[in-house]
Amino acid sequence: MISRAATTVRQAAVLARVDMSVIYTWRTWLFGWLVRLLCQVVFYSLIGVLVGDPEYTVYVVLGAAVLICVAETMMATASTCWDRHQGTLGLLAASPIEPGLFFFGRSLQWPASATVTTSIALLAVPPFFGVTWSPWQVPVLVGIAALASLSGYCMTLVLGSVALVFSGARNVISTIATLYITAFCGAVVPLHYWPAPIRWAAQALPATHALEAVRLVEGGGSAVQVLTALGLMVTAGLAWFTVAFFSFRLVFARARAGNRLLD
Amino acid sequence: MRPLVLGLWSGLTFQTRQMTRSVDSYFALVGAPFHTVVFLSMVLYSGRTDLASYTVIAPTLMTLWTAALMFSGEMISEDRENGRLEPLVASPLSFPALVFGRLCGAMLISVPAFVLAIGVAGVFFGHWVTVHHPVVFVLAAVTTALSTAATATALSALFIVAPGARIVQNTLSMPMFLLSGVMVPVALFPGWLEGLSRVLYLSWGADLMRDALAPGPVESAAFRLAMVVLLGALALAFGSATLVRFLRRARAEGTLSRV
């Protein structure tokens, strides 16, 4: 059972690797994509400089760096729809695969790339805005970036399952989701700034807990506090994955019943 | 002269008609209200209400540039896919003027973007932005939109000559927002970076639009407007020359269908 699931994910991940090599060469990834993401971190951080509060600038630069993994894993919303556009969705529906596992492997290039870009953003940009990292913090931050990317990816899979049905709206869905998270997960202003319903909803976002973990590492929080934040993040990620798993099942069941998804 | 005017007018009317029918044209608008929320919450949280006007200018200009990237990347290739490209190239109108006219039509998206930004700031944050210098503001907005269309024409030419460049189409947004100071004035940048930013028409346009919302007098408005127009005109000249040269070669070699 487990080996069959692993095989599905592994085989789908082959597509992820191939897609990534078609979209980017190492040059366009490094000098195009990475530069664009780092510019995004600097863009938000400079607003902290503009308002003239160094402490707030540190708050924003860490938030903006963590948002990189949100922006990048959100690309999975579009890549989930690629099989529909390429006409291979019918073959997938006819095959005995578990769709949730297939789509988990299908877009793994984004959390993989996001782990690298978020780590670079966290380690390279904040020092220009007054943050200093100790050597022991480096692997911790890379670990948080990896878990945040994977948890955020699980949330994106739910959006991907919706986009698979409404594929014309895939970019609108991912843009709205990215900007909602940017505004309301505590990246640019603390959560207590927002009304209670927004604060409650933010607890379901893996990025909220990733930010908490990063800020605890920067501010000298205890290991227990950091692990608690990470635990909440992983729990949120697993909950989203469970929703995505059944959502993809539902989408495939309806496609097999003939709701024009495979046309 | 007639082919130029005909191309410009045909492009403008075609694009505005198409935008009334296609919901996809408004994709760039999605970001405007959210960016206003993000920026305004940042400046209000920090107690800098004096910067609130910045937070409606930035989303407007970001929408403008996002639309420019989107349309410049898709326009000509869509013309080819729809079978319009060959008759358009064969017609007596100026093709670069047609592309520029269409992109001018696409820039009308900045109007609802500005309204959305103003509305979000007012309705959700109770902060209604006042335009203290309406004439300067309108002139700055129009010249910035025209220069954006001109720059997008240059990008269209670049994407058609070097299709590989479209890979980086999505990556040109944030560097432009940062370097042109759509939210943070370039005057705050280090000297060398400010010099680089001043080459971008958007940095002049963004500064001028912000100043037009501020109560104080707008200094050197004519010179700054002229800089927006001049940099836009240079981009348009480059784009037009590149398109004309490319089409001449494509006609001679019969490679138009490969665009």
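Here the structure is shown first, and the text comes after it.
Conventions used here
Counting restarts for each chain: residues are numbered from 1 in the order of the written sequence. Working convention: letters from A go to chains and numbers from 1 go to ligands, in the order in which they are written. The predicted nature of this model means local features are confined to residues of pLDDT at least 70 and side-chain atom pairs, given and counted, to a pLDDT of 80 or more, with totals for whole chains, interfaces and linings taken over all residues. Hydrogens and waters are ignored; side-chain quantities use all the structure's heavy atoms. Runs of H or I in DSSP of at least four residues are treated as helices and runs of E of at least two as strands, each being numbered from the N terminus. Residues are treated as being in contact if the distance between any of their heavy atoms lies within 4.5 Å. Note on terms: buried area is the combined drop in 1.4 Å-probe accessible area of two parts once they are placed together, counting the loss on both. Note on definitions: salt bridges are taken to be side-chain nitrogens of Lys or Arg within 4 Å of carboxyl oxygens of Asp or Glu. In the analysis that follows, any N or O atom pair within 3.5 Å is treated as a polar contact, provided that within protein one partner can donate a hydrogen and the other can accept it, and provided that, for residues neighboring in sequence, both atoms belong to side chains. Note on residue classes: Ala, Val, Leu, Ile, Met, Phe, Trp, Tyr, Cys and Pro are nonpolar, Asp, Glu, Lys and Arg are charged, and everything else, Gly too, is polar. Grouping into patches uses exposed residues only, defined as over 30% relative accessible area, and leaves out salt-bridged ones; the cut-off is 9 Å for like charges and 5 Å for nonpolar side chains (Val, Leu, Ile, Met, Phe, Trp, Tyr). Here the open area of atoms and residues is found with the Shrake-Rupley method and a 1.4 Å probe, where only the protein chains shown may cover a residue. Accessible area is worked out with a 1.4 Å probe on protein chains only. A residue is then buried under 20% of its type maximum, exposed over 50%, and partly exposed in between. Here the aromatic set is Phe, Tyr and Trp, taking the six-membered ring for Trp, and pairing holds for ring centres within 6.5 Å; pairs whose planes are under 30 degrees apart are stacked, those over 60 apart are edge-to-face, and all others are tilted. Two limits define a charge over a ring: the Lys NZ or Arg CZ must be within 6 Å of the ring centre, and within 35 degrees of the ring normal.

**Section: unusual backbone geometry**
Logical step 1: Not every positive phi belongs to a glycine, and Ser220(B) is a case in point at roughly 50 degrees.
Logical step 2: Residue position: Ser220(B) is located in the loop between α10 (201-213) and α11 (221-253).

**A few points about the interface of chain A and chain B**
Logical step 1: Counting residues at the interface gives 31 residues for chain A and 33 residues for chain B.
Logical step 2: Buried surface at the junction of chain A and chain B, summed over both partners, amounts to about 2900 Å²; 85% is from carbon and sulfur atoms.
Logical step 3: Inspection of the chain A/chain B interface yields 0 salt bridges.
Logical step 4: Where chain A touches chain B, the interface holds 2 residue pairs in polar contact (both at pLDDT 80 or more).
Logical step 5: If you list the elements that add at least two residues to the side of chain A that touches chain B, you get α2 (26-51), α3 (54-73) and α10 (170-184) of chain A.
Logical step 6: Counting residues per element, the side of chain A that touches chain B draws most heavily on α2(A), at 13 residues.
Logical step 7: In the side of chain A that touches chain B, the residues fall into 23 nonpolar, 7 polar and 1 charged.

**Comments concerning a nonpolar patch on the surface**
Logical step 1: There is a patch of nonpolar side chains on the surface, built from Trp26(A), Leu30(A), Phe31(A) and Val35(A) and spanning about 420 Å² of accessible area.
Logical step 2: The class of Leu30(A) is partly exposed, set by a relative accessible area of 31%.

**Remarks on the packing of aromatic side chains**
Logical step 1: Counted under the stated rule, the structure contains 21 aromatic pairs over all chains.
Logical step 2: Note on Phe103(A) and Phe248(A): the rings are 4.6 Å apart at their centroids and 15 degrees apart in plane angle, and the pair reads as stacked. Of this pair, Phe103(A) sits in helix α7 (residues 99-106) while Phe248(A) is found in helix α13 (residues 223-256), placing the two residues 145 residues apart along the sequence.
Logical step 3: A residue is classified by how much of its surface remains accessible, and Phe103(A), at 0% relative accessible area, is buried.
Logical step 4: Clustering of aromatic rings is evident, with ring pairs tying together Tyr56(A), Tyr59(A), Tyr180(A), Phe184(A), Tyr193(A), Trp194(A), Tyr45(B) and Phe125(B).
Logical step 5: In this arrangement the basic side chain of Arg215(A) is found over the ring face of Tyr59(A), its NZ or CZ atom lying 3.4 Å from the centre.
Logical step 6: The ring of Trp204(B) has Arg198(B) sitting right over it, with the charged end atom 4.9 Å from the ring centre.

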